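This is what each chain is made of:
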Amino acid sequence: MRKSKLAGRYQSLLFPGMSVLVVFIFYAALLSPKLEKGETMVFEYENLRLEVTNVCTVANNFGRFDGETFEPVDTYVTYPGARLTVLDADMREDTDGVPCAVWAIVPQRGGEAQPIVDGMEPLEFARNGMEGVQNLETGEIVLGLDHCTEDGETWK
């Protein structure tokens, strides 16, 4: 029995179709973005609003002491790949009317604090080694940032 022309035409399309399917499976398995681990939390203090992804847990590793009372400061312990996004930087105007930062990110191992300003790009924790968020006027830390492994073990 002889094949019809129509069946032969579809047979020639089978190989390219399979190739596209294999490429798609390869992309989905190896190159697609990894799913985030942990929670996404929004931190608010006065008019400062920050979004932190991949939060494993919230601890109280830092604190403020005013001479009479100790007030614990939330510390977001995050999985690798966590990001900090500025939702509202709470900027103020200086005497010349120029907007200036009120808050800064304190680096983990010394160095210069990075001012938090409106419109800044999200920051990745591992690359920047952040220790916390600090008020530039008073020097107080309002949010601690700590890191953990994929298994939830704390590391610095």
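Structure: see above.
Figured I'd write up the structure that's included with this text. (Residues numbered from 1 in each chain as written. Predicted model: local features only at pLDDT ≥ 70, side-chain atom pairs only at ≥ 80, totals over all residues. Heavy atoms only, no water.)

Re the overall build of the chain
In terms of regular secondary structure, the chain is built from two helices and 12 strands. When the elements of the chain are put in sequence order from the N terminus, they spell out α-β-β-β-β-β-β-β-β-β-α-β-β-β. Taking all 156 residues of the chain together, the buried fraction comes to 29%. Here the analysis covers contacts within the chain between residues at least 6 apart in sequence; of these, 53% occur between residues at least 24 apart. Accessible surface computed for the chain: about 10500 Å², of which carbon and sulfur atoms make up 56%. (Helix = DSSP H or I, 4+ residues; strand = E, 2+ residues; numbered from the N terminus. Buried < 20%, exposed > 50% of the residue type's maximum accessible area, 1.4 Å probe, protein only. Contact = heavy atoms within 4.5 Å. Areas by Shrake-Rupley, 256 points an atom, 1.4 Å probe, with all protein chains shown as cover.)

Re unusual backbone geometry
One non-glycine residue with positive phi stands out, namely Asn54, at about 60°. With relative accessibility at 5%, the residue Asn54 sits in the buried group. With phi around 55°, Asp90 is a residue other than glycine that occupies positive phi space. Relative to the helices and strands, Asp90 is located in the loop between β4 (83–88) and β5 (92–93). Given a relative accessible area of 7%, Asp90 falls into the buried group.

Observations concerning the pairing of strand β7 (residues 103–107)
Taken across its five residues, β7 has five buried, putting it largely inside the fold. Neither face of β7 is left uncovered, since the one carrying Trp103, Ile105 and Pro107 and the one carrying Ala104 and Val106 both have all their residues buried. The pairing of β7 with strand β10 (residues 130–135) spans five bridges and is classified as antiparallel. The partner of Val106 across the bridge, within β10, is Gly132. As judged from the two bridges shared by β7 and strand β8 (residues 114–115), these two strands associate in the antiparallel manner. If you follow Ile105 over to β8, its bridge partner there is Gln114. Count of turn residues in the β7/β8 antiparallel hairpin: six residues, of which Gly110 carries a positive phi of about 75°. (Pairing = 2+ DSSP bridges.)

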